[in-house]
Amino acid sequence: MKKGIHPENYRLVVFKDMSNDEMFLCKSTAETKDTIEYEGETYPLIKMEISSTSHPFYTGKLKLVDTAGRVDKFMNKYKKFAK
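Residues numbered from 1 in each chain as written. Predicted model: local features only at pLDDT ≥ 70, side-chain atom pairs only at ≥ 80, totals over all residues. Heavy atoms only, no water.

**Q** What am I meant to see in the overall build of the protein here?
**A** Counting secondary structure elements, the protein contains two helices and four strands. Taken from the N to the C terminus, the helices and strands of the protein come in the order β-β-β-β-α-α. Counting only contacts in the protein whose residues sit at least 6 apart along the sequence, the fraction spanning at least 24 positions is 32%. Here the protein has roughly 7200 Å² of accessible surface; of this, 55% comes from carbon and sulfur atoms. (Helix = DSSP H or I, 4+ residues; strand = E, 2+ residues; numbered from the N terminus. Contact = heavy atoms within 4.5 Å. Areas by Shrake-Rupley, 256 points an atom, 1.4 Å probe, with all protein chains shown as cover.)

Set out below in structure tokens:
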């Protein structure tokens, strides 16, 4: 690997799946202003809309996650082209 191109500022960050409130802790360089208390410690928080705990590929359940009406907005925008 090339030297000097990889970040050095890894820290522990909590990732939270907003669709099912699952959280996990891992190292990341992602920037955030949000924090959360997790297992008695305060960590930076990264909010995600989908993770392996809610994605249909990993859960085996077919579930449409529509945040902020994106599917409805798309359907309304292109319904004039429907035959």
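**Q** Sorry if this is basic, but what is going on with the sheet that holds strand β3 (residues 35-38) here?
**A** Within a beta sheet, neighbouring strands are joined by backbone hydrogen bonds and run either parallel or antiparallel to one another. With mixed pairing, the four strands of this open sheet are ordered in space as β2-β1-β4-β3. A strand with exactly one partner marks an edge of an open sheet, and here the two such strands are β2 (22-28) and β3. Each strand axis lies, on average, 45° off the axis of its neighbour in the sheet, ignoring direction. Direction of pairing for β3 relative to strand β4 (residues 41-48): antiparallel, over a ladder of four bridges. The residue of β4 that forms the bridge with Thr-35 is Pro-44. (Pairing = 2+ DSSP bridges. Axes fitted to C-alpha atoms, helices over the stretch in contact; angles between N-to-C directions.)

**Q** Before we go on, may I ask you to explain the environment of Leu-12 in this structure?
**A** As for its placement among the helices and strands, Leu-12 is situated in strand β1 (residues 11-17). Residue classification places Leu-12 among the partly exposed residues on the basis of a relative accessible area of 37%. Residues Leu-12 and Pro-44 lie 32 residues apart in sequence; the distance between their C-alpha atoms is 7.6 Å. Among all residues touching Leu-12, those that are not within four sequence positions of it are Leu-25, Cys-26, Lys-27, Tyr-43 and Pro-44. (Buried < 20%, exposed > 50% of the residue type's maximum accessible area, 1.4 Å probe, protein only.)

**Q** It is not clear to me how the nonpolar core should be interpreted in this structure. Could you clarify?
**A** General note: in soluble globular proteins, nonpolar side chains tend to be found buried as a group. Residues Val-14, Ile-36, Tyr-38, Tyr-43 and Leu-45 constitute the largest nonpolar core, which totals five residues. Mapped onto this core, the elements with two or more residues apiece are β3 and β4. Residue contacts for Ile-36: discarding those within four places in its chain leaves Val-14, Met-23, Glu-41, Thr-42, Tyr-43 and Leu-45. (Core = buried A, V, L, I, M, F, W, Y, C linked by side-chain atoms within 4.5 Å.)

**Q** Would you mind showing me how to read unusual backbone geometry here?
**A** Glycine aside, residues mostly have negative phi, and peptide bonds are mostly found in the trans state. Residue Asp-21 is not a glycine yet carries a positive backbone phi of 60°. By the secondary structure assignment, Asp-21 is in the loop between β1 and β2. Positive phi values are uncommon outside glycine, yet Glu-39 reaches one of about 55°. Relative to the helices and strands, Glu-39 is located in the loop between β3 and β4. The exposed category is assigned to Glu-39, whose relative accessible area is 67%.

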